[in-house]
Amino acid sequence: MSRAHYSIFSVLREALRGHTGWGPAWRDADPEARYDVVIVGGGGHGLATAYYLAKSYGPLRIAVIEKGWIGGGNVGRNTTIVRSNYLLPGNIPFYELSMKLWEGLEQELNYNAMVSQRGVLNLYHSDGQRDAFARRGNAMRLHGVDAELLDRAAVRRMVPFLDFENARFPIHGGLLQRRGGTVRHDAVAWGYARAASSLGVDIIQNCEVQGFRRIGDRVVGVETSRGFIGADKIGLAVAGSSSRVAAMVGLRLPIESHVLQAFVTEAIKPFVDGVVTFGAGHFYVSQSDKGGLVFGGDLDGYNSYAQRGNLPVVEDVCEGAMALMPRIGRVRLLRHWGGIMDMSMDGSPIIDRTPLSGLYLNAGWCYGGFKATPASGVTFAHLIARDEPHPVARAYRLNRFSTGHAVDEKGMGPHPNLH
Ligand SMILES: Cc1cc2nc3c(=O)[nH]c(=O)nc-3n(C[C@H](O)[C@H](O)[C@H](O)COP(=O)(O)OP(=O)(O)OC[C@H]3O[C@@H](n4cnc5c(N)ncnc54)[C@H](O)[C@@H]3O)c2cc1C
């Protein structure tokens, strides 16, 4: 399907003729009997994978199968933060690849994803925390990633409205990544869907995978709510549903599912320029272009597949908010929602083959997978096409849980709800 090129000229032309000339951005396809590659999950990761597969490894017949509508999962529920401020060598090159892809994404997809490099500032509240942040900043700079350690005066100039003298958690400074920021989450799904569709990918919505067909240890297709679909290769990118979908084919994953909530307030005048994270509790905030404060905090703390949150965490997040910026108490909450997180045992993702031939796994994104979307797509496409891990995703093998090569960025140990 050829797509209209979006530009100032097409916007002007359509404005003059009452916007009657816009076609659908992508083709809502019906399933065919068989494909070269089927990607299960029409979230950011599944759609990006299909796009990079079609772009770099085609011609291939590719389908993305989504049980609901594209963008209805976590890609449309997250708090839109992108960054590459990691410490461990297994993580930094991967997330920096993602950051570089974000920087060129709108040109690549010809789609306005509202990529906004407004900066991500992690606050520190003690000398020990400053040392840990200095170490992380140094590791980033050694890998060519931008990082600046700010003292209290520099943070005060950037975000004067915070409670710097908080008796329990005074703000001592922050680690700033200026290239970090926000990207409009659902536009990422739409942009990848449009670009993939124009390369011939079938995007099949309202089609739930309910089982797998196997011949011995080879997976040969998926049983769906719209019939059987055969495939040479099948990639799973179902985020919070990973353990349930893998169980359909007899795989038990090192993943627990937990709910994470997010919140948005009524629109107010611009006053938070970038993303600010509290270092003494789990709370972070940014301001959307519409003016709402977008914020979030910790997991709900127990396993669940419900896409809605519970009140104790609402209270906990609001306490973090009030400790950091008491004036937020005057703002009215507009809505809050939840998404299901695929929490891995070490807090890092899995991009790997499975023990079953023809079946590939992309999972374990915890609550940081949005920023990874472009790199996840590139590296998962590489894995599926070449049958070997992409160089920047080598740390994300499934067997690390048996060999002991965990990628434990937070140093929390095997407790998925703490990562
Ligand atoms: C509240 C919240 C805040 C977050 N904030 C951030 C953030 O600021 N920055 C960041 O980097 N990350 C953040 N995340 C995490 C990030 O959103 C996820 O890690 C990432 O979106 C997961 O990948 P995805 O987009 O492919 O998932 P999804 O969009 O969930 O895609 C998976 C898709 O698989 C489909 N599916 C499931 N089962 C089946 C089936 N049986 N058959 C067919 N389809 C199926 C689902 O319907 C879904 O559409 C946040 C998440 C939440 C919930």
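About the thresholds
Just so you know, the residues in each chain are numbered from 1, in the order the chain's sequence is written. For this predicted model, a pLDDT threshold of at least 70 governs which residues receive local features, and a threshold of 80 or more governs which side-chain atom pairs are given and counted, while totals over whole chains, interfaces and linings are taken from all residues. Processing note: side-chain calculations cover all non-hydrogen atoms of the structure and skip hydrogens and water entirely. Following DSSP output, two strands are said to pair if at least two bridges run between them. Note on conventions: DSSP H or I runs of at least 4 residues are helices, E runs of at least 2 residues are strands, and numbering of each starts at the N terminus. In this description, a line fitted to the C-alpha atoms serves as the axis of each element, helices being fitted only across the stretch in contact, and the angle between N-to-C directions of two axes falls anywhere from 0 to 180 degrees. In this analysis, two residues are considered to be in contact whenever any of their non-hydrogen atoms come within 4.5 Å of each other. Patch membership is restricted to residues that have no salt bridge and whose relative accessible area is over 30%. Joining uses 9 Å for like charges and 5 Å for the nonpolar side chains Val, Leu, Ile, Met, Phe, Trp and Tyr. Surface exposure here means Shrake-Rupley accessible area, sampled with a 1.4 Å probe, where a residue is shielded only by the protein chains that are shown. Salt bridges are defined as contacts in which a side-chain nitrogen from Lys or Arg sits within 4 Å of a carboxyl oxygen from Asp or Glu. Three labels apply to residues, based on accessible area from a 1.4 Å probe with only protein chains included: buried if under 20% of the type maximum, exposed if over 50%, partly exposed otherwise in between. Polar contacts, as used here, are pairs of N or O atoms within 3.5 Å; protein pairs need one atom able to donate a hydrogen and one able to accept it. Residues neighboring in sequence count only if both atoms are side-chain atoms. What a helix should span is 1.5 Å times the count of its residues minus one. What fixes the domain bounds is an automatic or database domain assignment. Joining two parts hides part of their accessible area as seen by a 1.4 Å probe, and the buried area is that hidden amount summed over both. Residues are classed as near a molecule or strand on a simple rule: at least one heavy atom within 4 Å of it.

Quick word on the sheet that holds strand β6 (residues 173–177)
Sheet architecture is open: eight strands sit in the order β5-β6-β4-β13-β14-β15-β12-β16, paired in mixed fashion. Only two strands of the sheet have a single partner each, and these edge strands are β5 (148–151) and β16 (333–344). When the angles between neighbouring strand axes are averaged without regard to direction, this sheet yields 25°. Bridge analysis of strand β14 (residues 284–287) against strand β15 (residues 292–303) gives four bridges, and the strand direction is antiparallel. By the bridge assignment for β15, S286 is matched with V294. Against the sheet, helix α8 (residues 311–324) touches β4 (120–124), β12 (255–267), β13 (275–277), β15 and β16, its axis set at about 135° to β15.

Brief notes about a nonpolar patch on the surface
A cluster of nonpolar side chains, I8, F9 and L12, forms an exposed patch at the surface whose accessible area comes to about 360 Å². In this structure, I8 sits in helix α1 (residues 8–16). The exposure class of I8 is exposed, given its relative accessible area of 55%.

Description of the side chain of S242
In this structure, S242 sits in helix α7 (residues 242–247). At 2.6 Å, the side chain of S242 and the backbone oxygen of A239 are in polar contact. Every residue in contact with S242, bar those within four places of it in the chain, is listed here: L253, I255, D342 and A363.

Brief notes about α8
With 14 residues, α8 should reach 20 Å at 1.5 Å per residue; the first-to-last C-alpha distance of 20 Å fits that figure. Buried within α8 we find V313, V314, V317, G320, A321, A323 and L324. Looking at the buried side of α8, the elements it contacts are β4, β12, β13, β15 and β16.

Side note on the pattern of salt bridges
Here the structure, examined in full by the defined rule, presents 25 salt bridges. A salt bridge links D232 to R34, with the shortest nitrogen-to-oxygen separation between them at 2.6 Å. Taken together, the residues D232 in strand β11 (residues 227–236) and R34 in strand β1 (residues 34–40) connect sequence positions 198 residues apart. In this structure R34 comes out as partly exposed when scored by relative accessible area, which is 45%. Several salt bridges converge on common partners, so that one network encompasses E96, K100, E103, D146 and R179.

Comments concerning the domain arrangement of the chain
Examined at the domain level, the chain breaks down into domain 1 (8–80 + 185–253 + 346–418) and domain 2 (115–179 + 256–343). For domain 1 and domain 2, the distance between their C-alpha centroids amounts to 28 Å. The interface of domain 1 with domain 2 comprises 18 residues on the first partner and 22 residues on the second. Here domain 1 packs against domain 2, burying approximately 1700 Å² in sum over the two surfaces, 55% of which is carbon and sulfur. By the criterion of area lost to domain 2, the three top residues of domain 1 are R77, T79 and Y367, representing 38% of everything that side buries. In this structure, the connection of domain 1 to domain 2 is made through zero salt bridges.

Considerations on the site of the ligand
As a matter of local geometry, the ligand sits amid 37 residues, with E66, N74, V75, T79 and K371 nearest to it. T79 places a side-chain nitrogen or oxygen 2.8 Å from an oxygen atom of the ligand. Here F370 contributes a backbone N or O atom positioned 3.0 Å from an oxygen atom of the ligand. Compared with its free state, where it exposes 990 Å², the ligand has 96% of that area covered by protein. For the shell around the ligand, the secondary-structure elements that each account for two or more residues are α2 (44–57), β12 and β16. With three residues, the single largest contributor to the shell around the ligand is β12.

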